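In case you want the letters, here they are:
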Amino acid sequence: MKRQLIGMACGGMAALALLTGCSDAPAEPSHDRTASPAASAGQAEAPQSSKAVVAEQVKTALEDRLSPDEQRFGSGTGSPCSTSSAVMFTATCGSAAEAAGADASFALEQIERHEGFATLRSVAEKLRTAVTRYQHLGCADHPTGATTRHACLEPAALIAQGFPDLRGGANLGLRGA
């Protein structure tokens, strides 16, 4: 019985050593394929590329601008410009449209002199076009004509989704898209 307990204790200690990475054997160098040569040599990682820094700055500036507007007006089905919203043809949606258009213009200003940002650029341009069309059609002024009301649906839907789409474009900018 005593020998069994000693054997179990030794076996348990050996298992613990394996689990914690302890052993009597000398440590071998790691051959981790994900480590960079600089990291393997004990050097500090290289600083972020200028494109990554710009992308992060754009995302931060845009987020600072989008969040208050999205909290104020909502987005998607929670937006006053949602095609299912009872206030889509009112000044409430008109105000949301103005904010979305201003945020789209701001995004374009932020990326104006920089490469990349194809998705953010495309989203912002489409959103500005939708806002212009919504305003040009007089969608916020209770249009009564069926043709006009129908024509307001597409730009209103784009406006309702504008804040999340701009945010998504900024996030893709961080990945180089």
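Just so we're clear, the structure is a prediction, and the values are computed from it rather than from any experiment.

> So what's going on with unusual backbone geometry? Which residues, and what values?
With phi around 60°, phenylalanine 117 is a residue other than glycine that occupies positive phi space. With respect to the secondary-structure elements, phenylalanine 117 resides in the loop between α4 (91-111) and α5 (118-137). Of note, the phi angle at histidine 142 is positive, near 55°, even though the residue is not glycine. Note on placement: histidine 142 falls in the loop between α5 and α6 (146-160).

> Which residues make up the packing of helix α3 (residues 50-73) against helix α7 (residues 162-174), and what values do they have?
Orientation of α3 relative to α7, taken along the N-to-C sense of each, is 165°, at an axis distance of 9 Å. The angle between the axes of α3 and α7 places the two elements in the roughly antiparallel class. Once α3 is placed against α7, the crossing between them reads as left-handed. Where α3 abuts α7, its residues Ala55, Glu56, Lys59, Leu62, Glu63, Leu66, Ser67, Asp69, Glu70 and Phe73 lie against Phe163, Pro164, Leu166, Arg167, Ala170, Asn171, Gly173 and Leu174. In terms of residue class, the contact of α3 with α7 is built from nine nonpolar, three polar and six charged.

> Would you mind going over α6 in detail, with residue names and values included?
An α-helix turns once per 3.6 residues; consequently, residues spaced three or four apart project the same way. Between its first and last C-alpha, α6 extends 21 Å over 15 residues, near the 21 Å set by a 1.5 Å rise per residue. In α6, a bend of some 30° at leucine 153 exceeds every other bend along the element, and proline 155, a proline, comes one to four places later. Among all positions in α6, only Ala151, Cys152, Pro155, Ala156, Ile159 and Ala160 are buried. Where α6 is buried, its residues contact α4, α5 and α7.

> Give a description of α7 that names residues and reports values.
End to end, α7 covers 19 Å across 13 residues, agreeing with the expected 18 Å (1.5 Å per residue, within 8%). Listed in full, the buried residues belonging to α7 are Gly162, Phe163, Leu166, Arg167, Gly169, Ala170 and Gly173. Projected down its long axis, α7 shows its buried positions confined to an angular sector of 160°, all on one face. Of the surrounding secondary structure, the elements contacted by the buried residues of α7 are α3, α4, α5 and α6.

> Which residues make up the nonpolar core, and what values do they have?
One finds Leu62, Leu120, Tyr134, Ile159 and Leu166 to be the most contacted residues of the largest nonpolar core, which totals 36 residues. Sorting the residues of this core by element identifies α3, α4, α5, α6 and α7 as the ones contributing at least two each. A total of 10 residues in this core trace back to one element, the largest contributor, which is α4. Look past the residues within four positions of leucine 120 in its chain and what remains in contact with it is Val58, Leu62, Ala107, Ile111, Leu166, Gly169 and Ala170.

What counts and how
Residues numbered from 1 in each chain as written. Predicted model: local features only at pLDDT ≥ 70, side-chain atom pairs only at ≥ 80, totals over all residues. Heavy atoms only, no water. Helix = DSSP H or I, 4+ residues; strand = E, 2+ residues; numbered from the N terminus. Axes fitted to C-alpha atoms, helices over the stretch in contact; angles between N-to-C directions. Parallel < 35°, antiparallel > 145°, perpendicular 65-115°, else oblique. Left-handed = near helix turned anticlockwise from the far one by under 90°. Contact = heavy atoms within 4.5 Å. Nonpolar A, V, L, I, M, F, W, Y, C, P; charged D, E, K, R; others polar. Expected span 1.5 Å × (residues − 1). Bend = angle between axes of the 7 residues up to and from the residue. Buried < 20%, exposed > 50% of the residue type's maximum accessible area, 1.4 Å probe, protein only. Arc of directions from axis to C-beta. Core = buried A, V, L, I, M, F, W, Y, C linked by side-chain atoms within 4.5 Å.

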